[in-house]
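So you can see what is in the structure, the chains are spelled out below.
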Protein chains: 2
Amino acid sequence: MTPSNVEQVLNTWQDSLHQHGYRMTRPRRQVMEIIAASETALTPQEIYQKSLELERSLGIASVYRTLEMLEELGLIQQIHQPGGCHGIWPTLEGHKHHLICRDCGQMQVIEGNVDIDGYITAIEKQTGYRVDDHWLQFFGRCDGCLN
Amino acid sequence: MTPSNVEQVLNTWQDSLHQHGYRMTRPRRQVMEIIAASETALTPQEIYQKSLELERSLGIASVYRTLEMLEELGLIQQIHQPGGCHGIWPTLEGHKHHLICRDCGQMQVIEGNVDIDGYITAIEKQTGYRVDDHWLQFFGRCDGCLN
DNA sequence: TCCTTATTGATAATAATTATCATTATCAGT
DNA sequence: ACTGATAATGATAATTATTATCAATAAGGA
Ligand SMILES: [Mn+2]
Ligand SMILES: [Mn+2]
Ligand SMILES: [Zn+2]
Ligand SMILES: [Zn+2]
């Protein structure tokens, strides 16, 4: 994300916090800035480590508490990867998927394809389950890491 | 899986162990039996807990070591779930996906649909990534938990 | 059956997450 | 702008999960 894009996301998130009765504090802003500015999905520990380079670092407990809040508000979600789970990424609007580079971790957001809806209907008929969500993630190597 | 089906899987796995120079021991057999007989994806801790009810329980270190070996042999894989990750499930042959009940955790194996291949080709052209794997998981409620 | 050595299990060490509580800082109300 | 109620922080303790260590054990080829 570009710096101005990060600011825009931060403002949206701040509105959501206030609408739900949460205060906007410096630690929370720092966590949100780190997440929104990152090119890769970060773990709680990675977010904490990045904060150590700031003028005023975070408490590890505040990192976990902020992530819990952001997830409850639906502003972030967990990205699951082979051999390194629980990365954090802003929630996607609409029907999108994740493409992740195995080498550098860089992520791309992919438009969802409509065919999956028909697939889901078939699955529900076949199994008797009611499907309310799905995850689709692609793994591979990015252009930079291939060359 | 039915008991006889479990036995069949266990024999296949035992062959794989011996072919790779691993010994078939009682702890390893117990871990494999627990995994193969389970209706839900289990965590390492859950596998250990189940073993406590057996005549001769497992050491927690042996659980982790056995899982590491089985994963290296490609016999099991990690199942990632919202709010409870790193469940263990036997590796699927061919192109299949997972359907997981949010309430009871029961899993169903779903045939993969061919449309995803075309989707992947489009993604590669669009992003410059080379895609070598994908995960597709469906979440919902099973027939039993709906009623 | 014997022997080599891979494997186990008890436990120590490390890492990650959650709980506790005195202190601090946000922000609604004036 | 100031004040006060209290939400939130951060240091740290407690808990939980995972990995490392090593003497004792057992698998399986000879
Ligand atoms: Mn996961
Ligand atoms: Mn989709
Ligand atoms: Zn890359
Ligand atoms: Zn169910």
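Residues numbered from 1 in each chain as written. Chains lettered and ligands numbered in written order. Predicted model: local features only at pLDDT ≥ 70, side-chain atom pairs only at ≥ 80, totals over all residues. Heavy atoms only, no water.

Engineer: Give me the protein's contact with DNA strand D: which residues, what numbers.
Structural biologist: In the vicinity of DNA strand D there are 15 residues, among which Thr25(A), Arg65(A), His18(B), Met24(B) and Tyr64(B) approach most closely. Of what DNA strand D places within 4 Å of the protein, 67% of the atoms are sugar or phosphate. In the model, a phosphate oxygen of DNA strand D is placed 3.2 Å from a nitrogen or oxygen of the Arg23(A) main chain. In this structure, a phosphate oxygen belonging to DNA strand D sits 3.1 Å away from a side-chain N or O atom of Ser62(A). At the level of secondary structure, the elements contributing two or more residues to the surface near DNA strand D comprise α2 (26–37) and α4 (60–72) of chain A together with α4 (60–72) of chain B. (Near = heavy atom within 4 Å. Polar contact = N/O pair within 3.5 Å; in protein donor to acceptor, adjacent residues only side chain to side chain. Helix = DSSP H or I, 4+ residues; strand = E, 2+ residues; numbered from the N terminus.)

Engineer: Give a detailed account of the coordination of the zinc ion (ligand 4), specifying residues and quantitative values.
Structural biologist: Where a metal carries four tetrahedral donors, each ideal angle is 109.5 degrees; where it carries six octahedral donors, the ideal angles are 90 or 180 degrees. All names here are of chain B. For the zinc ion (ligand 4), the full set of protein donor atoms is Cys 101 (SG), Cys 104 (SG), Cys 142 (SG) and Cys 145 (SG), at a range of 2.2 to 2.4 Å. Each of the four donor atoms around the zinc ion (ligand 4) contributes to a set of angles spanning 102 to 115°, which defines the coordination as tetrahedral. Look at where the donors of the zinc ion (ligand 4) fall in the sequence and you get C-x2-C-x37-C-x2-C. Taken together, the residues span a long stretch of sequence, with Cys 104 in the loop between β3 (96–101) and β4 (107–111) and Cys 145 in helix α6 (residues 143–146) at a distance of 41 residues. Classification of Cys 145 by relative accessible area gives partly exposed; the value is 28%. (Donors = N, O, S within 2.8 Å, 3.2 Å for Na, K, Ca; no water. Tetrahedral: all angles 85-135°; square planar, octahedral: opposite > 155°, others 65-115°. Buried < 20%, exposed > 50% of the residue type's maximum accessible area, 1.4 Å probe, protein only.)

Engineer: Can you explain the protein's contact with DNA strand C? Please cite residues and give values.
Structural biologist: If you check the shell around DNA strand C, you find 15 residues, and the closest are Arg23(A), Met24(A), Tyr64(A), Thr25(B) and Arg65(B). Contact distances for DNA strand C include 2.5 Å between a base oxygen and a side-chain N or O atom of Arg23(A). A distance of 2.6 Å is found between a phosphate oxygen of DNA strand C and a backbone nitrogen or oxygen belonging to Met24(A). Those elements giving two or more residues to the surface near DNA strand C turn out to be α4 of chain A together with α2 (26–37) and α4 of chain B. Considering every element that reaches the surface near DNA strand C, the biggest residue donor is α4(A), with three residues.

Engineer: Which residues make up the coordination of the manganese ion (ligand 1), and what values do they have?
Structural biologist: Coordination of the manganese ion (ligand 1) by the protein involves His80(A) (ND1), Cys85(A) (SG), His80(B) (ND1) and Cys85(B) (SG), with metal-donor separations of 1.9 to 2.0 Å. Taken together, the residues His80(A) in the loop between β1 (76–79) and β2 (87–90) and Cys85(B) in the loop between β1 (76–79) and β2 (87–90) connect one chain to another. Side by side, His80(A) and Cys85(B) carry an identical accessibility label, which is buried.

Engineer: An account of the domain arrangement of chain A is needed here, citing residue identities and associated values.
Structural biologist: Accessible area lost when the parts come together is the quantity often used to give the size of an interface. Residue and element names in this part refer to chain A. Domain boundaries assigned for chain A yield domain 1 (3–90) and domain 2 (96–146). Taking the mean C-alpha position of each, domain 1 and domain 2 sit 24 Å from one another. Every contact between the two is made by nine residues of domain 1 and, on the other side, 11 residues of domain 2. Both faces combined, the contact of domain 1 with domain 2 buries some 790 Å², and carbon together with sulfur accounts for 64% of it. (Domains from an automatic or database assignment. Contact = heavy atoms within 4.5 Å. Buried area = accessible area lost by both parts, 1.4 Å probe.)

Engineer: Go over empty space enclosed by the protein with me, naming the residues and quoting the values.
Structural biologist: Taken as a whole and assessed by the stated rule, the structure comprises one cavity of 30 Å³ or more. Taken as a whole, the largest cavity encloses approximately 30 Å³ of empty space. Where the lining of the largest cavity is concerned, the elements lending two or more residues are β5 (130–141) of chain A together with β5 (130–141) of chain B. In terms of residue count, the dominant contributor to the lining of the largest cavity is β5(A) (three residues). Along the lines of polarity and charge, the residues of the lining of the largest cavity split into three nonpolar, two polar and no charged. (1 Å grid on protein atoms, 1.4 Å probe; cavity = no way out; pocket = protein on both sides within 12 Å on 5 of 7 lines; lining within 4 Å. Points joined across faces, edges and corners; volume = space filled by probe spheres on them. Nonpolar A, V, L, I, M, F, W, Y, C, P; charged D, E, K, R; others polar.)

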